[in-house]
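# Structural overview for review
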Amino acid sequence: MTKNTKTSMRRFAAKCLWIWGMVMAFVASAEAENKVTIDNFNIKVDEEKTISVYLENSDPMVGLQMDFKLPKGLDFVPNSVQRDEVRLSRSSHSIYMNEVQSSMEDMAKGIKTVRLLIQPNGIYNIAGDRGAVAYFKVRANENMVETSEIVLDNIVGSSSEFEESGNIKGYHLDSYTAHVSPNVGFFYLTEDSICVKNDGSVKKVSLGLRNYTSVRGMEAVLSLPEGLSLDTEANGAPKFEYGERLPQNLSISSSILEDGRTKLVLSGLTSETLKGDTGVVFSFFVKASETFQEVAELSLDEIILSDNAGHGINMEGKLVMKVINSFIAYYTPANDSIQGLRTRYEAAVEKINTEAANVKDSAIVVNAVQEVAVRIEDLQESVNEAYANETLATIYDEVLAPVVEIDTAIVDMVEMVLDYQQKVTANEEAYTRLTADIAAVQAKLDAAKTTIETDYAEVAEQFTADIAALQEDIDSISNEVKDLYDEVKLTAESQIDATAIEAGIEKVLADAKKAHEGSSIAGVKGPEGAELLGIYTVSGKRVAAPLKGQVNIFKYSDGTVKKFYMK
């Protein structure tokens, strides 16, 4: 049963190919933007790789046939073909792929031919106009030692339409050649990106290699963006730094291609190979001019590696490094941020000078303004230092973090100064009012003291301590107010409590009067009730009260003078 089934399938496949061949015999040529391609790739010996077959068609197609000519180092994996379910559904198309007879010339070269057939199950177009239509697998054998070609040939597409001649309308597509190379390793750039300054400073770019086989040489094409150039030796040749993997016989040469790119060649006079299997091979140096843009890319492609047998092996893909102009990308925006701070700082100082003129020269304001200025200059110094030592790109956010804090400090500074201005104004007004209140109390005490010393002179000495105590209380309040004033703590609500002092003044007056009235001379009157003006000793010295055991002279308001001897 199995044998019969396989035989039937082979007959069916042969029938499909015969029918397709008959259809193609009547195909008319048509010029259109239709093409079939596959990707270049690398593969290791005994490794299997899936190949995507891409169809880009501007014309609708119902079917497709093509031959793949595989090099001797590559084998088709039977029964590995798969359809792309988006472009080819099972209900609309059948798909078949197998090895067919190669030409005598190809067979002599070890080339094998595999045919892919996509046949419609009715009148169904292949869906879409681009993308993969099928996939198949290949396996590398021991003959995969150098870069070879996979040729897509005899590519024919068919339409559901007919020509006027009655023939099915079809399309002959151009052949296509892809490259397959042994996967002997891969090159890499040690960094994904670098930052350069546009002042001519140089930056090193290192090329590394992970190789699975011995390597004796290589070549690659270097593309540099506008404004970026290679640093050179004194003789004008590009400057290279040789890695530890390179033996002494290997050297690097360079040449400028017609398109301006630079071809790099690593070669030697002997078959000596690179040391080890991984690490930096060599480095070159780049520098940027003032015309270099903010971000660009340098690349290495068309890389060919030479193994110890001298085989040239293509390394598929392109190495790309992002090159960032540190001056434009980081230093300029950093300085813009700092200049923004300076602008806002200057506006804040102007506001202070205008709206807080009374306090702008005070120590607290001067110190606050100076503190913000110092923080801005410290930030500028940090940016300059990071740019100079080429760390600004990596620590940009960290270096610029104080911008927000300084912005907040500027706002807080203005609010503080304006608030301080209000406090100082309130403090001045309160001090003026309170010192006037204190002066009024002082005036009352001074008046009481004068009254006692004048009208109650004979008893005035008894109240000296009371008056001194009251003065001390006034002085205490005055000092307290002055201290609060100096600390700018007086407000519109600030008051002094002189109730006790005023009551004390009234009391000392009352007590002095009472003492006067009870004294031995209080009732001594001059003629017709004249008031006593003063008491003097016989030597003419005025005294506050009669001196005992002496003659005292009393002078009255009507000019009368009397002498009394006080016992």
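Residues numbered from 1 in each chain as written. Predicted model: local features only at pLDDT ≥ 70, side-chain atom pairs only at ≥ 80, totals over all residues. Heavy atoms only, no water.

We now examine helix 3 (residues 326-355). In this model, helix 3 (30 residues) spans 42 Å end to end at C-alpha, consistent with the 44 Å of a helix rising 1.5 Å per residue. One side-chain oxygen at the N-terminal end of helix 3 lies 3.0 Å from the backbone nitrogen of Phe327; it belongs to Asn325. (Helix = DSSP H or I, 4+ residues; strand = E, 2+ residues; numbered from the N terminus. Expected span 1.5 Å × (residues − 1). Polar contact = N/O pair within 3.5 Å; in protein donor to acceptor, adjacent residues only side chain to side chain.)

Take the sheet that holds strand 27 (residues 551-556) next. A sheet is described by the order of its strands in space; here four strands give the open sequence 26-25-27-28, paired in antiparallel fashion. Each of the sheet's edge strands pairs with one partner strand only, and the pair in question is strand 26 (542-543) and strand 28 (561-565). One ladder, built from two bridges, connects strand 25 (residues 532-537) with strand 26; its direction is antiparallel. Within strand 26, the residue paired with Tyr536 across the bridge is Arg542. (Pairing = 2+ DSSP bridges.)

With that settled, consider the packing of aromatic side chains. Aromatic rings in a pair are described by how distant their centres are and how their planes are angled relative to each other. One pass over the structure, following the stated rule, counts nine aromatic pairs. Ring centres of Tyr431 and Tyr485 lie 4.1 Å apart, and the angle between their planes is 20°; this geometry places the pair in the stacked category. Pair noted here: Tyr431 is in helix 6 (residues 402-455) and Tyr485 is in helix 8 (residues 464-486), with a separation of 54 residues, a long-range link. One aromatic cluster in this structure is built from Phe68, Phe76 and Phe136. A cation sits over an aromatic face here: Lys197 above Tyr387, 5.0 Å from the ring centre. The residue whose ring lies beneath Lys555 is Tyr536, and the NZ or CZ to ring-centre distance is 4.7 Å. (Phe/Tyr/Trp six-rings, centres within 6.5 Å; stacked < 30°, edge-to-face > 60°. Lys NZ or Arg CZ within 6 Å of the ring centre and 35° of its normal.)

Moving on: helix 8. Residues lying three or four places apart along an α-helix face the same way, a consequence of the helix completing one turn every 3.6 residues. Across its 23 residues, helix 8 extends 32 Å between first and last C-alpha, which sits within 8% of the 33 Å expected from 1.5 Å per residue. Along helix 8, the positions that sit buried rather than exposed are Ile467, Leu470, Ile474, Ile477, Val481 and Tyr485. For helix 8, the elements touching its buried residues are helix 6 and helix 9 (499-517). (Buried < 20%, exposed > 50% of the residue type's maximum accessible area, 1.4 Å probe, protein only. Contact = heavy atoms within 4.5 Å.)

On to a nonpolar patch on the surface, then. A surface patch of nonpolar side chains, about 310 Å² in accessible area, is lined by Val538, Val551 and Tyr565. For Tyr565, a relative accessible area of 54% puts it in the exposed group. (Patch = residues over 30% accessible without salt bridge, like charges linked within 9 Å, V, L, I, M, F, W, Y side chains within 5 Å. Areas by Shrake-Rupley, 256 points an atom, 1.4 Å probe, with all protein chains shown as cover. Salt bridge = Lys/Arg side-chain N within 4 Å of Asp/Glu carboxyl O.)

This part takes up the nonpolar core. Core analysis: the biggest nonpolar cluster contains 38 residues, and Tyr345, Val372, Val383, Leu392 and Met413 have the highest contact counts within it. Those elements that provide at least two residues to this core are helix 3, helix 4 (363-388), helix 5 (396-400) and helix 6. Apart from residues no more than four positions distant in its own chain, Leu392 is found in contact with Tyr330, Tyr331, Val383, Ala386, Tyr387 and Val399. Judged by nonpolar contacts, the second largest core, of 37 residues, contains Leu246, Leu264, Phe292 and Val323. (Core = buried A, V, L, I, M, F, W, Y, C linked by side-chain atoms within 4.5 Å.)

What follows concerns the environment of Asn235. Its place among the elements puts Asn235 in the loop between strand 17 (228-230) and strand 18 (240-242). Overall, the relative accessible area of 65% leaves Asn235 in the exposed class. Linking Asn235 and Ala127, residues 108 residues apart in sequence, is a C-alpha distance of 61 Å. Within the structure, Asn235 has its side chain in polar contact with the backbone nitrogen of Ala237 (distance 2.9 Å).

Where helix 4 meets helix 6, the axes come as close as 10 Å, and the angle between the chain directions of the two elements is 170°. As judged from the angle between their axes, helix 4 and helix 6 are roughly antiparallel. Between helix 4 and helix 6, the residues in contact are Ile364, Val365, Ala368, Val369, Val372, Arg375, Ile376 and Leu379 and Pro402, Val403, Glu405, Ile406, Ala409, Ile410, Met413, Met416, Val417 and Tyr420, respectively. (Axes fitted to C-alpha atoms, helices over the stretch in contact; angles between N-to-C directions. Parallel < 35°, antiparallel > 145°, perpendicular 65-115°, else oblique.)

Taken as a whole and assessed by the stated rule, the structure comprises 27 salt bridges. Here Glu56 and Arg130 are joined by a salt bridge, their closest N and O atoms 3.7 Å apart. Here the residue Glu56 occupies a position in strand 3 (residues 48-57), and Arg130 occupies one in the loop between strand 8 (112-120) and strand 9 (132-140), the gap between them amounting to 74 residues. Residue Arg130 is classed as exposed on the basis of its relative accessible area, which comes to 53%. Note that Arg261 is salt-bridged to Asp301, the shortest N-O span being 3.6 Å. With Arg261 in the loop between strand 19 (250-256) and strand 20 (262-268) and Asp301 in strand 22 (residues 295-307), the pair connects residues that are 40 residues apart, well separated along the chain. With a relative accessible area of 14%, Asp301 lands in the buried category. In the salt-bridge network here, residues are joined through shared partners; they are Asp259, Arg261, Asp301 and Glu302.

Everything listed here is a matter of coordinates, which is why it stays silent on function.
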